[in-house]
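# Per-entry structural report
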Amino acid sequence: MPTFLDFEKPIAELEGKIEELRHLDGDGEINIADEVSKLQTKADRLLRQTYAKLTPWQRVQVARHPDRPHFLDYADVLIENFTPLAGDRFFAEDNAIIGGLGRFCGYSAMVIGHEKGKDTETRLHHNFGMARPEGYRKARRLMRLAERFGLPIITLVDTAGAYPGVGAEERGQAEAIARSIEVCLDVRVPLISVIIGEGGSGGAIALAAADRVIMLEHAIYSVISPEGCASILWRNGEEAIGAAEALKLTAPDLLELGIIDKVVAEPVGGAQRNKEATIAAVGEALEKVLREIIGVEGGVLRARRRERFLEMGKKGLG
Amino acid sequence: MNWLTNFVRPKIRALVRKEDVPENLWNKCPGCEEMIFHRELAANLYVCTHCGHHLRISAEQRLKMTMDDGEYQCIELPETIVDPLKFRDRKRYTDRLKEAHNLTDMQDALVVAHGKLGGIGVVMAVFDFRFLGGSMGIAVGEGFIAAARLAVLQKAPLLVFPSSGGARMQEGVLSLMQMPRTTIAVDEVKEAGLPYIVVLTDPTTGGVTASFAMLGDIAIGEPGAIIGFAGARVIGDTIREKLPEGFQRAEYLLEHGMIDMVVPRKELRDTLIRILGLLRNPTPAAEIVPLTPSEAPHLAAGNPKNKNAGKKREENPTADE
Ligand SMILES: [Zn+2]
């Protein structure tokens, strides 16, 4: 049984009934198999209908769903010989950002991304995907390493934001993010980003100033969390639903604004209901984009990447 | 102008003014709460005469006190799309923009000007906190890029004075994109071999700190300025303990190696001039070139200190080679 979100309650109830029926002995008068299949059809339809018109706030919930595939799930399936590389060479290893060498579609690549963790223990280990300066400095180091060997860089973005802590500030969280953005924009190798869950503010753009940005259908990408925005602009954290709408943080809106290049459809009911299909779809989209730009000369790539960002923000939403 | 602004508002202003004036003659220091006479405050560069607190100042005040003789030319910033997301919280974003415009008479939170600093041509990009907290949206990003390109065009150093709460939330992810955009602009200045100097003034936080503000060749903090990425309240809520004394103040950043120096406003102009001189005139001045008077009669005839060496060299760059 998946973890149901608040707005999935009606679906959860149907699924609960189906489960109950399945456990009944077949000695009743009603044909249980028939009833189960009828209810299943109903549940499937409801799921499809619900996910066809998710509100921005509902997408926020889906993007943060604990059962969504995370960085390590993707690396496991898509990257051969994945070899994580640790440390920023200044202070520490930060497990909120994982990076390493591996092979994607036959190409050696540098794969970097936020990892949120999948249970209490791993969530603590990865600090819920909220990186400290060391994480961004490691990313910067690995991007430069990739550049030295002409390897394409793939980043998977999934973070609520950079970690807000005393130590993080003391060791230059802002500077670490700024330098990471700078290196993203400077490397003379292909750089492709996928927003797989939460694209939270500076902590996200630090890895996503890329040649191409792909986004999962129900992922979000925003300058601030809806809760944070609500508490500042509405002076009321309860207004997060309205803030989620106003911020235009969904994949379709960002595609229209020219911030991202491609939306990858999620399985019915969201990535959390079918990890394998989601990972495969992301892999397919990544491969297509990589083949488009892998042959482009590094200097040209860099110039185009910079031009792409300089051109942003010329048009709003219609 | 409509009838409202023509007839109603001047009257309201006239009513308000009587009580308004005496209040404006005296400013309360946010640091020590002492009252300071406005002329005294201006003469002291808006630094409290009692406690030394550096008050926030407008972009105009900053330019006037920094440029030679207070003279400079503002450049017109590119027109940008207004309210791209049709954003509305408790108020419409367009109304907030209008209010900010009426308050400051500025188009947005950034002013870009060129002028001289110690005789050296410079471009300055200055934030005004009064305009929606100095927040960075498309207009600010576009203005910043214009400043960088003007600097490159004029082969002039770029000096930036952020005073900003961070990204302009009302422009959503488009404001987030100003982080890479301003970073590119900084790189263009650096690639042109020009100095990029940032004076971090109160406050410099969020996406502004995490992009161009922390990329300075030289980073100077104003005393007491709040400089950081995450807000102190957010950090307090996360760690659930008291924040250290002086946390995120300029002096704290200096101690932690994040900025080069903390410079009181009174010494800022001289410091900037000295740094620019060191970066812009790297070769020895003519006075220490080991020529005997007989070999260089034109030097012997003049002032032995040869104060104009730098200037002469500018006129004839090969003079001391
Ligand atoms: Zn005072």
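Residues numbered from 1 in each chain as written. Chains lettered and ligands numbered in written order. Predicted model: local features only at pLDDT ≥ 70, side-chain atom pairs only at ≥ 80, totals over all residues.

A count of helices and strands for chain A gives 14 helices and eight strands. Its C-alpha radius of gyration of 21 Å places chain A within 12% of the 20 Å reference for a compact globule of 318 residues. Taken over the C-alpha atoms alone, chain A extends approximately 75 × 50 × 40 Å along its principal axes. Out of the 318 residues belonging to chain A, those deemed buried represent 48%. When contacts within chain A are restricted to residue pairs at least 6 apart in sequence, long-range pairs at least 24 apart make up 71% of them. (Helix = DSSP H or I, 4+ residues; strand = E, 2+ residues; numbered from the N terminus. Rg over C-alpha atoms; globule rule 2.2 N^0.38 Å. Buried ≥ 20, exposed ≤ 12 C-beta atoms within 10 Å, placed from the backbone. Contact = placed C-beta atoms within 7 Å.)

For the rest of this paragraph, the subject is the sheet that holds strand β5 (residues 120–127) of chain B. Note: strands within a sheet are paired through backbone hydrogen bonds, in either parallel or antiparallel orientation. All names here are of chain B. Overall, mixed pairing links the seven strands, which are arranged β3-β4-β5-β6-β7-β8-β9 in an open sheet. With one partner strand each, in any of the chains shown, β3 (72–74) and β9 (261–262) form the two edges of the open sheet. Summarising the sheet, β3 and strand β4 (residues 110–117) pair through three bridges and their orientation is antiparallel. Looking at β4, one finds that Cys74 is bridged to Ala113. (Pairing = 2+ DSSP bridges.)

Here we come to the domain arrangement of chain A. Considered domain by domain, chain A is made up of domain 1 (6–53) and domain 2 (60–310). Here the C-alpha centre of domain 2 of chain A lies 36 Å away from the C-alpha centre of domain 1 of chain A. (Domains from an automatic or database assignment.)

We now examine the interface of chain A and chain B. Chain A puts 43 residues into the contact, and the matching count from chain B is 42 residues. When residues in the side of chain A that touches chain B are grouped by element, the largest group, eight residues, is from helix α8 (residues 173–186) of chain A. Here the residues of the side of chain A that touches chain B are counted per class, giving 27 nonpolar, eight polar and eight charged. (Nonpolar A, V, L, I, M, F, W, Y, C, P; charged D, E, K, R; others polar.)

What follows covers the packing of α8(A) against helix α9 (residues 201–208) of chain A. Residues and elements named next belong to chain A. One can describe the packing of α8 onto α9 by two numbers: an axis separation of 7 Å at closest approach and a directional angle of 30°. By the angle between their directions, the pair α8 and α9 is classed as roughly parallel. Classified by chirality, the crossing of α9 by α8 is left-handed. Residues Ile177, Ser180, Ile181 and Cys184 of α8 touch α9, and the partners they reach there are Gly202, Ile205, Ala206 and Leu207. For the contact of α8 with α9, the per-class residue count stands at six nonpolar, two polar and no charged. (Axes fitted to C-alpha atoms, helices over the stretch in contact; angles between N-to-C directions. Parallel < 35°, antiparallel > 145°, perpendicular 65-115°, else oblique. Left-handed = near helix turned anticlockwise from the far one by under 90°.)

Moving on, we get to the pairing of strand β5 (residues 191–200) of chain A. Residue and element names in this part refer to chain A. Across the ten residues of β5, ten count as buried, placing the element largely inside the fold. Here six bridges tie strand β4 (residues 153–159) to β5, and the two strands are oriented parallel to one another. If you follow Leu156 over to β5, its bridge partner there is Val194. Strand direction decides the pairing type here: β5 and strand β6 (residues 212–216), joined by four bridges, are parallel. The residue bridging Ser193 from the neighbouring strand is Val213, located in β6. Tracing the backbone out of β5, into α9 and back to the parallel element β6 gives a crossover that is right-handed. (Right-handed = clockwise from strand over helix to strand, strands pointing away.)

A word on the confidence of the model for chain B. Residues and elements named next belong to chain B. Summing up the model confidence of chain B, the mean pLDDT is 87 and the portion of residues at 70 or higher is 82%. Ignoring residues within four places in sequence, the model shows residues 1–22, a span with pLDDT below 50, making two contacts including any to other chains. Here residues 299–321 is a poorly scored stretch, pLDDT under 50, and it has 19 contacts once near neighbours within four places are set aside; other chains count. (pLDDT = per-residue confidence, 0-100.)

Before going further, it helps to spend a moment on the pairing of β4(B). All names here are of chain B. In terms of residue burial, β4 counts as a mostly covered element, since six of its eight residues are buried. Here eight bridges tie β4 to β5, and the two strands are oriented antiparallel to one another. Within the sheet, the bridge partner assigned to Leu117 lies in β5 and is Ile120. What sits between β4 and β5 in their antiparallel hairpin is a turn of two residues, with Gly118 showing a positive phi close to 60°.

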